[in-house]
Amino acid sequence: MSEMVTVYSKPACVQFTMTYRALDRAGVTYTVVDVTENAAALEYVSEDLGYSSAPIVVVDEHSHWAGFRPDRIGICQGE
């Protein structure tokens, strides 16, 4: 996939750990943004996307989800 996947998370997030392991196994390139250290990122995921829990995986403006969703990892690979 040509777009960069972004994972918005917070420290000590078990669901994030499971999510990044699944992304790693799938060979997906991603960046991590800690919403506890980035107010703009927190505003984006809570206000713009409407999420109140982490992790939030954003593939593009139309494909995003919250929580550990191994069933959605294929979207990151263009499936």
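Per-chain numbering applies: the sequence of each chain, read as written, is numbered from 1 onward. Per-residue local features of the predicted model are confined to residues with pLDDT of at least 70, and side-chain atom pairs are confined, for both listing and counting, to 80 or more; whole-chain, interface and lining totals are unaffected and use all residues. To get the side-chain values, take all heavy atoms of the structure and skip hydrogens and water.

A. Expanded view of the nonpolar core. Among the nonpolar cores identified, the biggest contains 13 residues, and Val5, Val7, Leu23, Val57, Trp65 and Cys76 are the most heavily contacted of them. Helix and strand assignments come from DSSP, with helices taken as H or I runs of at least 4 residues and strands as E runs of at least 2, each series counted from the N terminus. Elements that contribute at least two residues to this core include exactly strand E1 (5-9), helix H1 (14-26) and helix H3 (73-76). Broken down by element, the residue count for this core peaks at 3 residues, all from H1. Contacts: residue pairs with any heavy atoms within 4.5 Å of one another. Residue contacts for Val5: discarding those within four places in its chain leaves Val28, Thr29, Tyr30, Thr31, Val57, Val58, Val59 and Cys76. Throughout, nonpolar core names a set of buried Ala, Val, Leu, Ile, Met, Phe, Trp, Tyr and Cys residues whose side chains join them through atoms within 4.5 Å. Type-normalised accessible area, obtained with a 1.4 Å probe on protein chains alone, sets the label of each residue: buried when under 20%, exposed when over 50%, and partly exposed for intermediate values.

B. Local environment of the side chain of Ser9. By secondary structure assignment, the location of Ser9 is in strand E1. Excluding anything up to four places from it in sequence, Ser9 contacts Phe16, Val33, Asp34, Val35, Thr36 and Ala54.

C. Region of interest: the pattern of salt bridges. The term salt bridge refers to a pairing of a side-chain nitrogen on Lys or Arg with a carboxyl oxygen on Asp or Glu at a separation within 4 Å. Following the criterion strictly, the structure yields 1 salt bridge and no others. The partner of Arg69 in a salt bridge is Asp71, with the nearest N and O atoms 2.7 Å apart. For Arg69, a relative accessible area of 30% corresponds to the partly exposed category.

D. Quick peek at helix H2 (residues 39-48). Any pair of N or O atoms that falls within 3.5 Å is considered a polar contact. Within protein, one atom must be able to donate a hydrogen and the other to accept it, and sequence-neighbouring residues count only if both atoms are side-chain atoms. Two or three places before Ala40, at the opening of H2, Asn38 has a side-chain oxygen 3.2 Å from that residue's backbone nitrogen. Within two residues after H2, Gly50 carries a phi angle of roughly 85 degrees, on the positive side.

E. Quick look at the environment of Gly74. Inspection of the secondary structure puts Gly74 in helix H3. A relative accessible area of 15% places Gly74 in the buried class.

F. The arrangement of H1 in detail. Helix length check: H1, at 13 residues, gives a terminal C-alpha distance of 19 Å against a target of 18 Å (1.5 Å per residue), a fit within 8%. Looking at H1, one finds that the buried residues are Phe16, Thr19, Ala22 and Leu23. Relative to the axis of H1, the buried residues are bounded by an arc of 130 degrees and lie together on one face. Exposed residues on H1 whose side chains face more than 90 degrees from its buried face are Val14 and Arg25. By definition here, a helix of n residues has an expected span of 1.5 Å times n minus one. Directions drawn from the helix axis to the C-beta atoms are what define this arc.

G. Just the packing of aromatic side chains, in detail. Aromatic contacts are taken between Phe, Tyr and Trp rings whose centres are within 6.5 Å, Trp giving its six-membered ring; a plane angle under 30 degrees counts as stacked, one over 60 as edge-to-face, and the others as tilted. Going through the model one piece at a time under the given rule, you end up with 2 aromatic pairs. For the ring pair Tyr8 and Tyr44, a centre distance of 5.7 Å and an interplane angle of 50 degrees mean the geometry is tilted. One end of the pair, Tyr8, is in strand E1; the other, Tyr44, is in helix H2, with 36 residues separating them in the sequence. The buried category is assigned to Tyr8, whose relative accessible area is 11%. Ring centres 5.1 Å apart and planes at 50 degrees place the aromatic pair Phe16 and Tyr20 in the tilted group. Here Tyr20 and Phe16 lie together in helix H1, a separation of 4 residues that amounts to about one turn. Residue class for Phe16 comes out buried when judged on its relative accessible area of 14%. Taking relative accessible area as the criterion, Tyr20 reaches 27% and is therefore assigned partly exposed.

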